[in-house]
Amino acid sequence: MILIGENINMMSQTIGPALKDRNPKPIQDLAKAETGSGVDYLDLNIGPARKTGSELMPWVVNTVQEVTDLPLSLDTTNLAATEAGLQTTRKTPLINSVSLQPDRIGPGLELAKKYDADVIALLWGAEGMPRDANERAMNAVDFVYKANEIGIANEKLWIDPIASPLSVEINQVTALVEFMAMLGEIAPGCKSVVGLSNISNGTPTNLRPWLNRTYLMMLMKHGLHSAIVDAFDTDLIQIVRGKRPEILSLVHRIMDGETPDYSSLSEEEAKYAKTVRVLTGKSLYSHSWLEI
Ligand code: THG
């Protein structure tokens, strides 16, 4: 699996100000630390950056390239900023992202084609957030068709079904898993990606990794190709790199209907088991779900 480090982002309390002030040190320190953690790409999230994006993106690309050789994911809704970034990267980056909105998909796909770059196909539709697995499927078909039409192959597309917070809507959490199970048939050859930490937005910080890791394992059951993740969750990286096969198997068995026998599970295993129950909608979510 391909892991994309999420940590350089505008929302961060240290990185937000560093981006605004063009202060390279905190960004380079973080880029080095993420690189050391074993992720495959670094996401550079500069937010919408409406006014200064075309100058900010190349600046942050150059700043990061001074300290890492990892390929980059250019994360902004400002396509002019994305193009300025595409002209600055040494390795062809990932375009993060192009949505299906009528004014965005055409120019976004043209950019991917012009630079021969892989592109994240964000399944945000003309009518906004897809409501269930079927709307995601319709959006995916639509996106792939439009990409193929201008000569972009499925292998270049990383389909992003848009993970949303468990604390907001459990149905969206299960719909994404349902969609992942369908993706291979809907869009053969396409890759997949999710912004994993979205799932735990609004959850107490110390509990977020349990949701992130468990959801990732659930999506791995359906062949998830890549994820944007917290590069400093070492347990998550261990799981993805095949070092925790017993936990992965436990999660997958519970998804297949096995009822966890808590008396035979370790404390760690019990936490994963409870978290699968919550993420599949079998137990109700509350901030104290691990204690119940
Ligand atoms: N799909 C795609 N791109 C994306 C997302 C997606 N990019 C942005 C986001 N979602 C993925 N990246 C993050 C980055 C940080 C957090 C969540 C998702 C996060 N940060 C902590 C917070 O806000 O509380 C801590 C902030 C910090 O200090 O770093 O949760 O879905 N294609």
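What you see is a predicted model; the values in this text were computed from it and never measured.

Q: Any chance you could explain the site of the ligand here in plain terms?
A: Taken together, 13 residues are adjacent to the ligand, and Asp75, Asn96, Asp160, Asn198 and Arg208 come closest. Interatomic distance of 2.9 Å between a side-chain N/O atom of Arg208 and an oxygen atom of the ligand.

Q: Explain the packing of helix 3 (residues 53-65) against helix 4 (residues 79-86) to me, please; I cannot follow it from the model alone.
A: A pair of packed helices is captured by two measures, namely the crossing angle of their axes and the spacing between those axes. At their nearest, the axes of helix 3 and helix 4 sit 7 Å apart, and the two run at 35° to each other. Handedness of the crossing formed by helix 3 with helix 4: right-handed. Seen from helix 3, the contacting residues are Gly53, Ser54, Met57, Pro58 and Val61; seen from helix 4, they are Ala80, Ala81, Ala84 and Gly85. Of the residues belonging to the contact of helix 3 with helix 4, the class tally is six nonpolar, three polar and no charged.

Q: I keep staring at the pairing of strand 8 (residues 226-229) and nothing clicks. Help me out?
A: For a regular strand, side-chain orientation follows a simple rule: the groups alternate between the two sheet faces. Side-chain alternation along strand 8 places Ser226 and Ile228 on one buried face and Ala227 and Val229 on a second face that is also buried. Where strand 7 (residues 191-195) lies against strand 8, three bridges are found, and the strand directions are parallel. Following the sheet pairing, Val194 is matched in strand 8 by Ala227. Taken together, strand 7, helix 8 (residues 208-220) and strand 8 constitute a β-α-β crossover, and its handedness is right-handed.

Q: How should the pattern of salt bridges be read in this particular structure?
A: Scanning the entire structure with this criterion turns up 15 salt bridges. The salt bridge partner of Asp29 is Lys25, with a shortest N-O separation of 2.8 Å. Here Lys25 and Asp29 lie together in helix 2 (residues 24-37), a separation of four residues that amounts to about one turn. Arg213 is the salt-bridge partner of Asp235, the closest N and O atoms lying 3.9 Å from each other. Here Arg213 lies in helix 8 and Asp235 lies in helix 9 (residues 234-240), a separation of 22 residues in the sequence. You can call Arg213 buried: its relative accessible area is 9%. It is possible to trace a salt-bridge network through shared partners that takes in Asp116, Asp118 and Lys156.

Q: Sorry, what's going on with the packing of helix 8 against helix 10 (residues 245-255) here?
A: Taken N-terminus to C-terminus, the directions of helix 8 and helix 10 make an angle of 70°; their axes are 9 Å apart at the nearest point. By the angle between their axes, helix 8 is roughly perpendicular relative to helix 10. Mapping the contact onto sequence places Thr214, Met217, Met218 and Met220 in helix 8 and Ile247, Leu248, Val251, His252 and Met255 in helix 10. The residue inventory of the contact of helix 8 with helix 10, partitioned by class, reads seven nonpolar, two polar and no charged.

So, how was this worked out
- Residues numbered from 1 in each chain as written.
- Predicted model: local features only at pLDDT ≥ 70, side-chain atom pairs only at ≥ 80, totals over all residues.
- Heavy atoms only, no water.
- Near = heavy atom within 4 Å.
- Polar contact = N/O pair within 3.5 Å; in protein donor to acceptor, adjacent residues only side chain to side chain.
- Axes fitted to C-alpha atoms, helices over the stretch in contact; angles between N-to-C directions.
- Helix = DSSP H or I, 4+ residues; strand = E, 2+ residues; numbered from the N terminus.
- Left-handed = near helix turned anticlockwise from the far one by under 90°.
- Contact = heavy atoms within 4.5 Å.
- Nonpolar A, V, L, I, M, F, W, Y, C, P; charged D, E, K, R; others polar.
- Buried < 20%, exposed > 50% of the residue type's maximum accessible area, 1.4 Å probe, protein only.
- Pairing = 2+ DSSP bridges.
- Right-handed = clockwise from strand over helix to strand, strands pointing away.
- Salt bridge = Lys/Arg side-chain N within 4 Å of Asp/Glu carboxyl O.
- Parallel < 35°, antiparallel > 145°, perpendicular 65-115°, else oblique.

The values are spatial; any link to function lies outside them.
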